[in-house]
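Here is how the chains run, residue by residue.
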Amino acid sequence: MAAFLVSWSIVTTPLAKQSQFVLHEKRNNRLLVSCDQNQTDNKISIENFDEKFERRNLLLGMGGLYGASNLLSISPAFATPIAAPDFTKCSRGTNLNTGQPLDVNCCPPLSTEIIDYKLPPVTKMRFRPAAHLATEEYIAKFERAVELMKSLPADDPRNFMQQANVHCAYCNLTYEQVGDSDLRIQIHNCWHFFPWHRWYLYFYERILGKLIDDHTFGLPFWNWDNPEGMVMPAMFSNSSSPLYNSRRNVNHLPPATADLAFSGKDAKHPSKIIPHNLTLMYREMIRHARHLEDFYGAKYSTGSKPNPGPGTVERGSHTAMHSWVGEATRTGEDMGNFYSTGRDTLFFGHHANVDRLWTVWQDLRGSKSKHFTDTDWLNTNFLFYDENAQLVRVKVADTLDNIKMGYDFQKVDIPWQKNKPKAHVKKSKVASTSGAPSADSVFPVKLDKVVKVLVPRPQKSRSKKDKENEEELLTIEGIEVDSAEFVKFDVFVNDEDDDPYVLDKAEYAGCFSQLPHKNSSRVKTKIRLGLTELLEDLDCEDDEYILVTLVPKAGGEISIGGIKIIYV
Ligand code: C2O
């Protein structure tokens with residue numbers, strides 16, 4: 001493997017027009033190519049250059065990956081967005097436990113031509129209805145479109161299984177990161193979660209619309225954040241419909257209420273599912289989602305290992321609903337496993353709601369920033385087949401506004417905005433009288449039982465201004481889990497009530513959870529949980545320590561590297 005990193009985007013302008021290139025040394029001895037606008041000669045300066053590496057390959061994109069018609073333009077200095085995958089470098093992947101190739105192959109068909117996608121001018125909006133409110137007429141249309149998608153030739157990239165495999169390929173570590181065959185592309189557990197899925201649904205919707213010749217067709221959203229929509233929508237549970245999938249948990253068909261805190265087992269307190277769901281949504285969308293990173297997920301760019309850290313919705317309600325729908329087995333097909341989830345049409349109803357929640361979150365932000373301005377995010381490219389079976393290269397920057405993308409959601413109530421969880425025990429000094437050991441003496445730790453630790457607060461009695469300027473965050477780092485398992489643990493702060501299945505209280509600070517993958521590897525990741533409002537509600541802002549309780553709920557061997565409080 002060549003030991004360098006290349007930062008680029010592919011355009012169809014001639015190479016001769018491109019600026020000069022400079023290789024910058026990066027930590028870990030990798031090299032980064034960037035454009036240096038100030039250089040006037042054509043010299044390529046190379047530091048720490050790997051002898052085995054040919055300069056020509058660098059200029060032509062690692063041996064001309066994209067063919068002669070696609071030449072390179074180099075991104076501005078230090079820009080390192082993940083490049084779109086090279087489909088010729090898609091591999092089936094390996095089960096790291098057995099060393100055997102995976103028994104699924106989800107690589108896409110190849111195409112010789114890639115077009116840079118431009119959002120078409122919006123003449124008529126596509127309308128995405130709430131699934132539980134959809135009319136008979138709409139359902140008939142959707143069914144017909146899915147039927148047609150299923151009957152396309154198996155090798156047509158718009159075919160139902162091909163479309164399901166798009167998800168599998170982007171999350172089962174089948175694509176190499178361009179420029180580093182040791183690193184894989186993973187669009188989950190990072191800041192690409194919302195934009196990648198938006199593009200995925202965008203083309204899925206356009207393919208369906210084209211098949212029924214309805215350019216206003218929009219996917220339905222499963223409105224699971226609203227008590228009115230918390231049952232699996234009838235259109236998906238009708239066993240004679242093409243929308244039906246038999247690989248689902250039979251206990252969760254209607255009239256079961258969706259459990260947004262599902263941890264692999266049915267709720268201990270069924271009457272509390274709805275209040276739990278509502279306070280959970282409040283946490284994910286408001287309380288713990290103040291910073292962009294906490295809502296979107298952590299930065300993931302060229303040269304980074306996958307899984308830097310998921311956002312609130314991804315690791316919470318989103319993952320819970322996947323595993324709640326999937327079969328009640330360890331691997332959870334179809335919805336409960338990354339490789340198979342796109343085989344269930346309910347995936348698209350589920351993710352249309354996740355996509356809608358992105359828009360809702362942006363609307364609730366008012367004048368606060370609604371998206372990253374980091375070019376490593378905005379300039380990230382993905383490849384998809386569009387409704388004409390043309391392979392297109394899209395960018396994250398085009399996903400910022402669903403209206404510009406030509407679709408809108410049916411307006412429905414947002415009931416959880418006022419469901420701020422209340423403190424179960426509102427008093428200070430819970431931590432110092434608990435007798436729990438300090439975090440330093442406990443981590444790293446294997447989470448095979450409940451772990452309680454004291455975590456020091458570097459600042460206490462913060463003023464209103466301090467709190468406005470900086471969020472107090474609990475960071476849990478070095479979380480290591482087996483990627484083949486459904487994993488979940490919950491986090492409580494100053495919780496004296498020892499029932500870890502009661503979640504609609506301020507002491508519940510959130511969770512980490514992950515769906516299983518087909519391949520197995522150790523995933524290393526982190527989460528951050530906002531504390532500012534929680535500490536106000538518990539009346540312990542003057543305390544020097546908080547008591548943190550970690551409760552494993554599902555999933556193989558979990559280990560945790562460390563835990564601390566930061567202010568950002
Ligand atoms: Cu790509 Cu909900 O998963």
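Residues numbered from 1 in each chain as written. Predicted model: local features only at pLDDT ≥ 70, side-chain atom pairs only at ≥ 80, totals over all residues. Heavy atoms only, no water.

K.L.:
If you had to explain the overall build of the protein chain to someone new, which residues and values would you point to?
P.N.:
Counting its regular elements, the protein chain contains 13 helices and 23 strands. When the accessible area of the protein chain is evaluated, it comes to approximately 22,600 Å², of which 50% is carbon and sulfur surface. (Helix = DSSP H or I, 4+ residues; strand = E, 2+ residues; numbered from the N terminus. Areas by Shrake-Rupley, 256 points an atom, 1.4 Å probe, with all protein chains shown as cover.)

K.L.:
Tell me about the UniProt feature "domain: Tyrosinase copper-binding" (unreviewed entry) in the protein chain, and name the residues and values.
P.N.:
UniProt annotation of "domain: Tyrosinase copper-binding" (unreviewed entry) refers to residues 188–205 when read in the numbering used here. The distance separating the terminal C-alpha atoms of residues 188–205 is 21 Å; by composition the span is 72% helix and 0% strand. (UniProt positions renumbered as here; feature names shortened; annotations may be inferred.)

K.L.:
Give me the lowdown on the sheet that holds strand β18 (residues 487–493), citing residues and values where you can.
P.N.:
Sheet strands associate in pairs through backbone hydrogen bonding, adopting either a parallel or an antiparallel arrangement. One open sheet holds the 4 strands; their spatial order is β16-β21-β18-β19, and the pairing between them is antiparallel. Strands with a single pairing partner mark the edges of an open sheet, and in this sheet they are β16 (451–456) and β19 (508–514). Mean inter-strand twist for the sheet, computed between neighbouring axes without regard to direction, equals 25°. Examined bridge by bridge, β16 and strand β21 (residues 545–554) share 6 bridges and lie antiparallel to one another. Among the inter-strand pairings, Val455 is bridged to a residue of β21, identified as Ile546. (Pairing = 2+ DSSP bridges. Axes fitted to C-alpha atoms, helices over the stretch in contact; angles between N-to-C directions.)

K.L.:
How would you sum up the state of the cysteines? Please name residues and give values.
P.N.:
Counted according to the given criterion, the structure contains 2 disulfides. Through a disulfide, Cys90 is tied to Cys107; the S-S separation comes to 2.1 Å. Across the disulfide from Cys90 to Cys107, rotation about the S-S bond amounts to roughly -85°, and the bridge is consequently left-handed. Taken as a pair, Cys90 in the loop between β5 (71–73) and β6 (94–95) and Cys107 in the loop between β7 (100–101) and β8 (115–116) lie far apart in primary sequence, 17 residues in all. (Disulfide = S-S within 2.5 Å.)

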